[in-house]
Amino acid sequence: MSHEEIEVEALGIEVSSQPVELYKVLKIANAVSGGGEAKMAIAEGYVFVNGEVETRKRCKIYDGDVIAFNEEFYVVLCDTPPAPIEPKQKKPKQQQPQQAIQKPKAHKQTAKKQTAKPTKPAKGKAKPQNEERAENGRRRISF
């Protein structure tokens with residue numbers, strides 16, 4: 001494939017910081033009416049970045065990148081240097097201190113002796129002692 005230089009008129013889009021996401025550039029340029037329309041146009045393959053189809057909505061755009069959309073060309077202009085992009089790191093799970101998890105055993109034993117609670121049967125598991133049954137085997141309910 002040969003590289004030919006083609007001269008086109010492009011509108012300059014000034015941004016305050018770089019990188020900037022592709023869908024935001026289309027919004028800044030007023031090429032679309034909103035972010036949803038921009039994202040849809042990008043996903044459907046109507047947007048070109050530096051001569052290639054770009055389908056990533058959050059593709060990072062830098063100073064000098066040329067964007068083609070709807071038979072218009074836009075060039076991104078930014079005077080500030082690119083901000084370093086740091087990879088997202090997973091947050092380590094916070095471990096609770098061991099003292100909060102384990103209670104002294106002696107304390108538990110004394111607490112049980114002091115506060116004796118009457119035991120209650122679990123709901124639905126204990127059968128009533130005086131239970132009348134209908135012919136079909138079901139319990140009778142009186143209202």
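Above this text you will find the structure in question.
These remarks concern the structure in this document. The structure displayed is predicted, hence computed values, not measured ones.

1. Examining the pattern of salt bridges
Then, in step 1: This model, assessed by the stated rule, comprises 4 salt bridges.
Then, in step 2: The residue Arg 58 makes a salt bridge to Glu 21 at a minimum N-O spacing of 3.1 Å. Of this pair, Arg 58 sits in the loop between strand 4 (52–53) and strand 5 (60–61) while Glu 21 sits in strand 2 (residues 20–21), placing them 37 residues apart in sequence.
Then, in step 3: Judged by its relative accessible area of 12%, Glu 21 is buried.
Then, in step 4: Residue Glu 54 is joined to Arg 56 by a salt bridge in which the shortest nitrogen-to-oxygen separation is 2.8 Å.
Then, in step 5: For Glu 54, a relative accessible area of 11% translates into the label buried.
Then, in step 6: Judged by relative accessible area, which is 52%, Arg 56 ranks as exposed.

2. Quick word on the side chain of Glu 54
Then, in step 1: Within the secondary structure, Glu 54 sits in the loop between strand 4 and strand 5.
Then, in step 2: In terms of polar contacts, Glu 54 uses its side chain to reach the side chain of Arg 56, at 2.8 Å.
Then, in step 3: In this view, Glu 54 contacts Leu 22, Ile 42, Val 47, Phe 48, Val 49 and Cys 59; residues no more than four positions away in its chain are not counted.

3. Concerning the layout of surface pockets
Then, in step 1: Estimates place the volume of the largest pocket at around 250 Å³.
Then, in step 2: Taken together, Glu 4, Glu 5, Ile 6, Val 8, Phe 48, Asn 50, Gly 51, Val 66, Ala 68 and Phe 73 make up the lining of the largest pocket.
Then, in step 3: Residues that form the lining of the largest pocket fall into these classes: 6 nonpolar, 2 polar and 2 charged.

4. With respect to the environment of Phe 69
Then, in step 1: By the element assignment, Phe 69 lies in strand 6 (residues 66–69).
Then, in step 2: According to the relative accessible area criterion, Phe 69 is buried, its value standing at 9%.
Then, in step 3: Placed 28 residues apart in sequence, Phe 69 and Ala 41 show a C-alpha to C-alpha distance of 8.8 Å.
Then, in step 4: When near neighbours in sequence (up to four residues on either side) are disregarded, Phe 69 contacts Leu 26, Ala 31, Val 32, Ala 41, Tyr 46, Val 47 and Tyr 74.

Basis of the calculations
- Residues numbered from 1 in each chain as written.
- Predicted model: local features only at pLDDT ≥ 70, side-chain atom pairs only at ≥ 80, totals over all residues.
- Heavy atoms only, no water.
- Salt bridge = Lys/Arg side-chain N within 4 Å of Asp/Glu carboxyl O.
- Helix = DSSP H or I, 4+ residues; strand = E, 2+ residues; numbered from the N terminus.
- Buried < 20%, exposed > 50% of the residue type's maximum accessible area, 1.4 Å probe, protein only.
- Polar contact = N/O pair within 3.5 Å; in protein donor to acceptor, adjacent residues only side chain to side chain.
- Contact = heavy atoms within 4.5 Å.
- 1 Å grid on protein atoms, 1.4 Å probe; cavity = no way out; pocket = protein on both sides within 12 Å on 5 of 7 lines; lining within 4 Å.
- Points joined across faces, edges and corners; volume = space filled by probe spheres on them.
- Nonpolar A, V, L, I, M, F, W, Y, C, P; charged D, E, K, R; others polar.

By themselves, these figures tell us nothing about what the structure is for.
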